[in-house]
Amino acid sequence: MPPARLENMASDTVLRLDGLSKRFGPVLAVDGVRLDLRRGEVLALLGENGAGKTTLMNMLFGHYMPDDGRVEVAGPDGVLRPLPPGHPQAALAAGIGMVHQHFTLAENLDALDNILLGSEPLRTLRRHRAAARRRVEGIMRRSGLVAPLEVPVGRLSVGERQRVEILKALYRDARILVLDEPTAVLTPQEADALFENIGAMTRDGLSVIFISHKLREVLAFSQRIAVLRHGRKVGEIATAQADERQIARLMVGADTPGIARETLEPGAPVLELAGVSLRGRSARDSLSGLDLRVRAREIVGIAGVSGNGQGALAAVVSGLRRPEAGQVLIDGAPVARPDPRAMIRAGVGRIPEDRHRDGIVGAMSVAENMVIERLDSPEVARRGLLQKRRIRAHAEALAREYDVRGPGIEAPARLLSGGNIQKLILARVFDRAPGVILANQPTRGLDMGAAAEVARRLLEARARGAGVLLISEDLDEVLRLADRIFVIHDGRLHEAASREREAIGLMMAGRAAGAAA
Amino acid sequence: MMRIEPREAPGRLLTLGVPVLSALVALALAAIPLMLAGAPVFAAYGEMARGVFGSLFAFSEVLTRTTPLIFTGLAAALAFRAKLWNIGAEGQLYLGAMAAVAVGAGALDVPGWVLMPLIVVLGAAAGAAGMMVPAVLKTRFGADEVVTTLLLNFIVLIFVQMMLEGPLKDPMGLGWPQSAPILDQGMLPQLIPRMRVHAGLILALVLAAVAQFMLARSVWGFRLRAVGENAHAARHAGIGVNRTMLSVAAVSGGLAGLAGVSEVAGLKGYLTADLSPGFGYTGIVVAMLAGLSPAGVVVSALFIAGVFVGADSMSRAMGVSSYLADLVVSMALLSVLVGGFFARYRLRLGPERPPGRGPGQASGKEQGHG
């Protein structure tokens, strides 16, 4: 296409969400959102968790049926036409491509097959392979998104898989690309590279909407920012005129309190790992000869790209997996038979990564979930019988203190929102005043208010004298909270010498700090 | 177009109403084959009702039939609540019955107040032991208990036949493959003179109440529910998942064993290889119909026993096949499964709706009450 024509159309609207609304039961998830996307534009969709971003995008892509409003997409002639609601196929045909946070690739097929799958009839797949390959290579050249085509996707890195997902959308002639938290699984360098490529593609006429929590990248790489709060669009700003504070205020509706981390003198070691090794199903699920010491009154942060042994490390400290070699020491004493019960007894409070899977029994009540780790306490059960009245009183007090909101303490815990489930877990953990706290991705998926609450509680525990092991994929969070920072890569820990984003980012990518180029 | 969406919290009315509605739907559907068989539908159902409520004797027969179903229904309900799929209640029933005749049919000639509890305890222990085998295989080696418990049923039944031809065979039995009768003082007493309903019913009702209480109020019940609802979270919280599974297996097997005890020591007096017309399997239906609630098991056992007894008398009076009972029971199960689905999900028809006023708002009101 001649660039002159592109310039002409650069302000043209390619997508219009016209008063979209969606209700789930009593919750109005999206409330009359109106949004225009222009040709060649990168629009960031920002909002707290539960603000309705993903619901909105799912309506755009036809996964959800809007209760009200409609989606309009420009055809080749530039005229906006309504999209039939609830038909992902129609969205695809209209040139909308969506890359979800969790990839939908067949791991045993190579990248090329994955790209062709679904857009080519199965029986012609083999015959057209060579032509298709040439086309994909052309797209790779133009977009700068490069991925090995003949290697099974299962062996590709996360960044490469994401590129395959995007290539798949581009192969289907997507003119509008929706990316749901595209950088959640990338190193800072990979994320920057991705946005550079996106920039290149938008110059080719592609329009991009990306959902993100990270203010930094939103400010750096978008042209316009739309902020959602409680399902409503509360602001739309040109990125050039926006600043971090202003956007944060739009997202939460008020200024977020800054986190003050006072300097404290660390005490005796409360948690030690000595030569801990664990062999998992893959290298990314293993630990090799880990040495780590967490002292009282300090927060040790573990940064790293997802899937580099964080899960294995957390499993050892929470007692779910027993190391094959090495020892776990709590307060200087080795834990003889480390299992969850022993760890709880030794005074380890655990905030699990997957709170729905490991944190709560969703079908049981909020009150029951609050006492699930203390069934042997006389306050909870006597002679094998639950002390219903005490449990209830205890739960009511905790719910008040930790501001757990929902349909009540007798309601099933699964009815709580993600943030409130996390508050329930915080209440359970901090109520016992543990000497060691393991917090694995404690703010993932939380809105800013709930995340700030988690940070406040962790700092409070540190001031009280607890040692905190904070595992997080959010480098900014580690930088904000941790006294000392380690980077985990391929099941090994390396202490970060500096607190510089750049240097830590390179370590996360597997390059030792000294060898950084 | 049709869409299926989850309901957030099924209300109490829905959870209680679905099984009742399903039972009625099943009875209504059964009218179709009844008509095809050429029977006048209302008269046939009248006969059925008479077979159940027509006389004290009729109802006592229903209660007699209810008794083993409560035991096997409880066995399935408790195990299923822990996601332990015990399909082996039939085999455990026979193990319990075999233990009952082994100790009760003359091996020990002791007074009834010793013998009767002994029979009950040993019968339960035998059933529990029978369920421990697949439970250990599951917790140790990860063997699928659906397969092992199901296959054990056949092994136990063949073992029973072997024993009835061998050590347990009644020397006075004229060569029939049956055990010697349980001594009179070992038999569970009858509740009403000249009727067959026996003290096993009382035991079943007491155990259902105990199970209901334990499930809701005891630490054991807490662990069972936690393991069944989310084993990952239970393990993370320090609950011994395997230990809980094994204890549930023992209780479930024991309850199924008691079904066998109550049939031989309460009703038949001696053991034959056709003691149970599939009470173990029907117990699964009873439990599902009851939504896996112990209290509900009593009601659904009564319903299913009523269908069986009623269908028997209907078939005698109207000349239709008594297999109709099986048909009603299976349709009740199907309707309760379908009904359970609708309790959890709602169906939406049509892609377009007038804006503003959707079913979502109706559900909002529903939740306001709930």
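Residues numbered from 1 in each chain as written. Chains lettered and ligands numbered in written order. Predicted model: local features only at pLDDT ≥ 70, side-chain atom pairs only at ≥ 80, totals over all residues. Heavy atoms only, no water.

**Side note on the packing of helix H3 (residues 56-81) of chain B against helix H7 (residues 200-217) of chain B**
Residue and element names in this part refer to chain B.
Next, step 1: Here H3 crosses H7 at 25°, and the two axes come no closer than 9 Å. Judged by the inter-axis angle, H3 sits roughly parallel to H7. The two elements H3 and H7 cross, and the hand of that crossing is left-handed. Here Leu63, Thr67, Ile70, Phe71, Leu74, Leu78 and Arg81 of H3 come into contact with H7, specifically with Gly200, Leu201, Leu203, Ala204, Leu205, Leu207, Ala208, Ala211 and Leu215.
Next, step 2: Tallied by class, the residues present in the contact of H3 with H7 amount to 13 nonpolar, two polar and one charged. (Axes fitted to C-alpha atoms, helices over the stretch in contact; angles between N-to-C directions. Helix = DSSP H or I, 4+ residues; strand = E, 2+ residues; numbered from the N terminus. Parallel < 35°, antiparallel > 145°, perpendicular 65-115°, else oblique. Left-handed = near helix turned anticlockwise from the far one by under 90°. Contact = heavy atoms within 4.5 Å. Nonpolar A, V, L, I, M, F, W, Y, C, P; charged D, E, K, R; others polar.)

**Considering the sheet that holds strand E8 (residues 207-212) of chain A**
The strands making up a sheet associate through hydrogen bonds between their backbones, and the pairing can be parallel or antiparallel.
Residues and elements named next belong to chain A.
Next, step 1: Spatially, the six strands line up as an open sheet ordered E6-E7-E8-E3-E9-E10, and their pairing is mixed. Both edges of this open sheet fall to strand E6 (96-99) and strand E10 (232-238), since each of them pairs with a single strand only. Strand-to-strand twist in this sheet, taken as the mean axis angle between neighbours without regard to direction, amounts to 20°.
Next, step 2: Strand direction decides the pairing type here: strand E3 (residues 42-47) and E8, joined by five bridges, are parallel. Across the sheet, the residue bridging to Leu43 is Ile209, located in E8.
Next, step 3: Packed onto the sheet, helix H7 (residues 188-203) meets E3, strand E7 (176-180) and E8 and runs at close to 150° relative to E8. (Pairing = 2+ DSSP bridges.)

**Comments concerning empty space enclosed by the protein**
If a probe as big as a water molecule is rolled over the atoms, it shows which places are left empty.
Residues and elements named next belong to chain A.
Next, step 1: Summed over the entire model, instances satisfying the criterion amount to two cavities of 30 Å³ or more.
Next, step 2: Roughly 60 Å³ of volume is contained in the largest cavity.
Next, step 3: As for the largest cavity, its lining consists of 13 residues, and the residues nearest its centre are Met59, Val71, Leu83, Pro84 and Pro85.
Next, step 4: Counting residues per element, the ones that place at least two in the lining of the largest cavity are helix H2 (53-60) and strand E4 (68-74).
Next, step 5: Considered class by class, the residues forming the lining of the largest cavity number nine nonpolar, three polar and one charged.
Next, step 6: Here the second largest cavity is characterised by a volume of approximately 40 Å³.
Next, step 7: Along its surface, the second largest cavity is lined by Val99, His100, Gln101, Phe103, Gln162, Asp180, Glu181, Pro182 and Val185.
Next, step 8: Looking at the lining of the second largest cavity residue by residue, the class counts come to four nonpolar, three polar and two charged. (1 Å grid on protein atoms, 1.4 Å probe; cavity = no way out; pocket = protein on both sides within 12 Å on 5 of 7 lines; lining within 4 Å. Points joined across faces, edges and corners; volume = space filled by probe spheres on them.)

**What about the packing of aromatic side chains?**
Any aromatic ring pair is given by two values, namely how distant the centres are and how the planes are angled relative to each other.
Residues and elements named next belong to chain A.
Next, step 1: Under the criterion given, the structure shown has four aromatic pairs over all chains.
Next, step 2: Between Phe195 and Phe210 the ring centres are 4.9 Å apart and the planes differ by 55°, which places this aromatic pair in the tilted class. Taken together, the residues span a long stretch of sequence, with Phe195 in helix H7 and Phe210 in strand E8 at a distance of 15 residues.
Next, step 3: With relative accessibility at 4%, the residue Phe195 sits in the buried group. (Phe/Tyr/Trp six-rings, centres within 6.5 Å; stacked < 30°, edge-to-face > 60°. Buried < 20%, exposed > 50% of the residue type's maximum accessible area, 1.4 Å probe, protein only.)

**Examining the confidence of the model for chain B**
All names here are of chain B.
Next, step 1: Within chain B, residue pLDDT values average 88, and 90% of them lie at 70 or more.
Next, step 2: Low pLDDT (under 50) marks residues 351-370, which in the prediction has 23 contacts with non-local residues, meaning those over four places away or in another chain.
Next, step 3: Predicted as a complex, the structure gets a pTM of 0.77 and an ipTM equal to 0.85. (pLDDT = per-residue confidence, 0-100.)

**Topic: H2(A)**
All names here are of chain A.
Next, step 1: Extensive coverage of H2 is indicated by the burial of seven of its eight residues.
Next, step 2: Turning to H2, its buried residues number three or more, namely Lys53, Thr55, Leu56, Met57, Asn58, Met59 and Leu60.
Next, step 3: At the exit of H2 stands Gly62, carrying a positive phi of roughly 90°.

**A short note on helix H4 (residues 89-104) of chain B**
Next, step 1: Along its 16 residues, H4(B) runs 22 Å from first to last C-alpha, staying within 8% of the 22 Å computed at 1.5 Å per residue.
Next, step 2: Burial analysis of H4(B) places 15 of its 16 residues in the buried class, the great majority of the element. (Expected span 1.5 Å × (residues − 1).)

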